[in-house]
Amino acid sequence: MGKPKAEVDVSNCLACGGCISVCPNDAISMCAGKAFVDKDKCISCAICIRTCPVGAIRGEDY
Ligand code: SF4
Ligand code: SF4
């Protein structure tokens, strides 16, 4: 068990790109018009979760 990884609720994502610009490990990209987290790259810093204006990102365990 590693730390919880970020996960995007695509039904809420507005594709604003905010999470992509703040991720320190380039783990987020735009995929079919929605943000997508590469869990192999996510270091569980939670910055994207605090940044998303609509609360579309959650950690798997928080
Ligand atoms: S939790 Fe941190 S490393 Fe993981 S996707 Fe969000 S900003 Fe990137
Ligand atoms: S910050 Fe939130 S709304 Fe904006 S692209 Fe990322 S997940 Fe989507």
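Predicted, not measured: the structure shown is a model, and the values here were computed from it. (Residues numbered from 1 in each chain as written. Chains lettered and ligands numbered in written order. Predicted model: local features only at pLDDT ≥ 70, side-chain atom pairs only at ≥ 80, totals over all residues. Heavy atoms only, no water.)

**Comments concerning the overall build of the protein**
We count it as follows: Each helix is a run of DSSP H or I of at least 4 residues and each strand a run of E of at least 2, with the numbering of both proceeding from the N terminus. Note that the radius of gyration is over C-alpha atoms, with the globule rule given as 2.2 Å times the number of residues to the power 0.38. What sets the accessible areas is the Shrake-Rupley method with a 1.4 Å probe; for residues, cover comes only from the shown protein chains. The charge count treats Lys and Arg as positive and Asp and Glu as negative. His and the chain ends do not count. Note that the charge is assigned to NZ on lysines, CZ on arginines, CG on aspartates and CD on glutamates.
Helix and strand counts for the protein stand at two helices and four strands. Ordered by position from N to C terminus, the α and β elements of the protein give β-α-β-β-α-β. For the protein, the C-alpha radius of gyration of 10 Å lies close to 11 Å, the compact-globule estimate for 62 residues. Projecting the C-alpha coordinates of the protein onto the three principal axes gives extents of approximately 30 × 20 × 20 Å. As displayed, the protein offers around 3900 Å² of accessible surface, 54% of which is attributable to carbon and sulfur atoms. Positive and negative charge centroids in the protein, built from 7 and 7 side chains respectively, lie 5 Å apart.

**Brief notes about the state of the cysteines**
Worth spelling out the cut-off: For this text, the term disulfide refers to a pair of cysteine sulfurs within 2.5 Å.
Under the definition given, this model contains zero disulfides. Between Cys-31, a free cysteine, and Cys-13, which holds the nearest cysteine sulfur, the sulfur-to-sulfur gap is 11 Å.

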